[in-house]
Amino acid sequence: LSSWVKDYVYLPLALRYLRLTRGIGNEYKPPMYAMLLMGLWHGAAWTYILWGLYNGIMLVLWSALKWPRYLQGLRTRIPRAFSILLYFQVTVGCMLIFRANSVHQVGEFLENVFTNFGGFTLHVVPPPPVTLLGIPVFLVLDYLAYHTGKERFFDVWPPPVRGALYASLFALLLMGWSNAPAQFIYFNF
């Protein structure tokens, strides 16, 4: 979907608005329209339209907020952990809108996030065992790929070691399969 929207909505609009140099904010209209269309694609509900609008605003803010030259040094000194935390909060806000059943429920969620600190109960479903086994395996593989700078770092390993890696990944895959029917996320659309 994102490739199609980029090729057939965003790029034609961006080229059109580049030619129209008059007008304030012409460069910000294509991402807004593209994200609104993606929201509509997910469903004809106000929450999806709001989700598309939220993502469009985030894209516009990302491109509109330029760091002045005299603040470039400050930008490099902002701790990476703070940047990650801020991006995570933006993403959580987006998912809150996407998963809500109504705009009213979005408001209730936000109200509870900012005002309801008492009476909070957390119900955490324990992850399946395959997840507990798979997360360390994939963290190690991701670290090795990052550390070596090669996506297929394991190609240089001896065949028995590579075979053990493939067998363990295949075993994790088989363990992850369940006989319980899973509802497709877009089933109700």
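Per chain, residue numbering runs from 1 following the sequence as it is written. Per-residue local features are limited, in this predicted model, to residues with pLDDT of at least 70; the limit for side-chain atom pairs, both in listing and counting, is 80 or more; totals at the level of whole chains, interfaces and linings are taken over all residues. In computing side-chain properties, one takes all heavy atoms of the structure into account and sets aside hydrogens as well as water.

### Re the confidence of the model for the chain
- Scored between 0 and 100, pLDDT is the confidence that the predictor attaches to each residue. Summarising the model, the chain shows a mean pLDDT of 81, and 84% of its residues fall at 70 or more.
- Segments assigned H or I by DSSP are reported as helices when at least four residues long, segments assigned E as strands when at least two residues long, and all are numbered from the N terminus. Put simply, helix H4 (residues 72–77) is where the chain has its lowest mean pLDDT, 69, and helix H2 (residues 29–42) is where it has its highest, 90.

### Regarding the packing of aromatic side chains
- Two rings belonging to Phe, Tyr or Trp (six-membered ring only in the last case) form a pair when the distance between their centres is within 6.5 Å. Interplanar angles under 30 degrees mark stacking, angles over 60 mark edge-to-face geometry, and anything in between is tilted. Within the structure shown, the criterion is met by 6 aromatic pairs.
- Within the aromatic cluster, the residues linked to one another by ring pairs are Phe153, Phe154, Trp157 and Tyr166.

### What about the environment of tyrosine 48?
- Tracing the sequence through the fold places tyrosine 48 in helix H3 (residues 46–64).
- Burial classes follow relative accessibility: with a 1.4 Å probe on protein chains only, a residue under 20% of its type's maximum area counts as buried, one over 50% as exposed, and anything between as partly exposed. Take tyrosine 48: its relative accessible area is 12%, and that puts it in the buried class.
- Spatially, the C-alpha atoms of tyrosine 48 and arginine 99 are 9.0 Å apart, while their sequence positions differ by 51 residues.

### Examining the pattern of salt bridges
- A side-chain nitrogen of Lys or Arg and a carboxyl oxygen of Asp or Glu constitute a salt bridge if their distance falls within 4 Å. For the coordinates displayed, the defined rule picks out 2 salt bridges.
- One salt bridge in this structure joins aspartate 155 and arginine 152, with 3.0 Å as the shortest N-O distance.
- The class of aspartate 155 is partly exposed, set by a relative accessible area of 37%.

### Details of helix H5 (residues 80–99)
- By definition here, a helix of n residues has an expected span of 1.5 Å times n minus one. For H5, spanning 20 residues, the distance from its first C-alpha to its last is 28 Å, which sits close to the expected 28 Å at 1.5 Å a residue.
- Within the sequence span of H5, burial applies to Cys94, Leu96, Ile97 and Phe98.
- The criterion used for residue contact is that any of the two residues' heavy atoms lie within 4.5 Å. Tucked into the core, H5 has its buried residues touching H2, H3 and helix H6 (103–115).

### Notes on the nonpolar core
- Buried residues of nine kinds, namely Ala, Val, Leu, Ile, Met, Phe, Trp, Tyr and Cys, make up a nonpolar core once their side-chain atoms join them within 4.5 Å. Among the nonpolar cores identified, the biggest contains 14 residues, and Val5, Met38, Trp51, Ile97 and Val106 are the most heavily contacted of them.
- Of all the secondary structure elements, the ones that give two or more residues to this core are helix H1 (2–19), H2, H3 and H5.
- The residues touching tryptophan 51, leaving out its near neighbours within four places in the chain, are Met38, Gly39, His42, Cys94, Met95, Ile97 and Phe98.
- One finds Leu141, Ala145, Phe153 and Phe154 within the second-largest nonpolar core, a separate group that totals 5 residues.

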